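# Coordinate analysis (summary)
Here's the letter readout for the chains.
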Amino acid sequence: LSPTLIGATNISSILSCLIQVLYISKRNSFVKQHTEVADYRLPLIISALCPLVGNIIYSYALAYPSVVIALIGRLLIGFGCAEIVNRRLLLVTLPPESINIEVARLVKKCFIFPAMSLFVGALFDI
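Our focus in this paragraph is the side chain of Thr9. Structurally, Thr9 is set in helix H1 (residues 2-30). Relative accessible area serves as the criterion here: at 15%, Thr9 is assigned to the buried category. Engagement of the side chain of Thr9 in a polar contact is seen with the side chain of Arg74, the distance being 3.1 Å. With sequence-adjacent residues up to four places away left out, Thr9 is seen in contact with Arg74, Ile77 and Gly78.

Dropping the structure here:
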């Protein structure tokens, strides 16, 4: 049961990436010349709200001991994966000369910020 609970986030992040690829490819097939930056707003908002709601639901699983609530929370946390949308947004908005530098910065920030959040949480004993 615990491997299912742990793996739920990974499964839903893979599904999230597939949905994002389908959404972006569908939008790009209809509009060949010009891609609006606003087209990426909805997937980014969903990717921000799903982990927030998922963490709240997952915390309720501690108060009300329920594996189903914990599983739903973990699934929603995984839908916060926005790697495809972030990289595609960089490709659309940046000039070709600076794409590699900005993608490297994005990857570096994706590694640094979770570690920093754990450090701040430990510092304030949250």
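Structurally, Tyr23 can be placed in helix H1. The class for Tyr23 is partly exposed, based on a relative accessible area of 28%. As for Tyr23 and Val107, which are separated by 84 residues in sequence, their C-alpha atoms are 22 Å apart. With residues up to four places along the chain from it excluded, the contact list for Tyr23 reads Asp39 and Pro43.

Quick notes on the rules
Residues numbered from 1 in each chain as written. Predicted model: local features only at pLDDT ≥ 70, side-chain atom pairs only at ≥ 80, totals over all residues. Heavy atoms only, no water. Helix = DSSP H or I, 4+ residues; strand = E, 2+ residues; numbered from the N terminus. Buried < 20%, exposed > 50% of the residue type's maximum accessible area, 1.4 Å probe, protein only. Polar contact = N/O pair within 3.5 Å; in protein donor to acceptor, adjacent residues only side chain to side chain. Contact = heavy atoms within 4.5 Å.

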